[in-house]
Amino acid sequence: MLTYYRDETVAVTSTYVQIEGRRFRLAELRYVWHRQERPDWRVRRRTAGRGVLNTLMLLSAVAGLVALVGLAASAYGETRLAAAVGRLPVPRNTLLLVAVLLLVVGLVPLVWEWALHRVDDSYDRGNAIYEIWAETDTTQILLMRCDDATRFGKIYRALQRALGH
């Protein structure tokens, strides 16, 4: 017996398919097909979360640019003010602000990595509900329903290989 796919709730072998505790012999299944349904609230929430993360990343890039321009303007103004008073033109306040910002910027790659991973995962999982149906001698059976396109694809391909398509 060959195992084509196995995870915590699904097993596809050369003799049977088991999904969430229900087991069907492959010989019982006359025809297997898949269908894509409209997204439910969980899928829509994932899509909305992707949009929020994309927006926050874009806004953080704009905020970084504004902070850079603000720092340059602050340093220029502080240097001009010190020169007018007759002191050594060292922008101490601006340098202190730059040091604090450099500490904060050290965290930015970690946050961006997390956000980009979440966005990539959201695209990988898809924007719909995916179903696998089978026809037996007597009826049509919904074998599986999931909202993860990657997992669905692996299971459906394993089922096709097991059925010999």
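Data block above holds the structure.
Keep in mind that what you see is a predicted model, and the values were worked out from it rather than measured. (Residues numbered from 1 in each chain as written. Predicted model: local features only at pLDDT ≥ 70, side-chain atom pairs only at ≥ 80, totals over all residues. Heavy atoms only, no water.)

Caption draft 1: Looking closely at the pairing of strand 2 (residues 10-13). Burial of the side chains of strand 2 extends over both faces: Val10 and Val12 are buried on one face and Ala11 and Thr13 on the other. Of the strand pairs in this sheet, strand 1 (residues 3-6) and strand 2 are connected by three bridges, and their pairing is antiparallel. The partner of threonine 3 across the bridge, within strand 2, is threonine 13. Counting the residues between successive antiparallel strands, the hairpin from strand 1 to strand 2 contains three residues. For strand 2 and strand 3 (residues 16-19), the ladder comprises three bridges, and the chain directions are antiparallel. Pairing of alanine 11 across the sheet is with glutamine 18, part of strand 3. Following strand 2, the chain reverses through two residues before pairing antiparallel with strand 3. (Buried < 20%, exposed > 50% of the residue type's maximum accessible area, 1.4 Å probe, protein only. Helix = DSSP H or I, 4+ residues; strand = E, 2+ residues; numbered from the N terminus. Pairing = 2+ DSSP bridges.)

Caption draft 2: Quick peek at unusual backbone geometry. A positive phi angle, close to 50 degrees, is found at glutamate 20, a residue other than glycine. Within the element layout of this structure, glutamate 20 appears in the loop between strand 3 and strand 4 (22-25).

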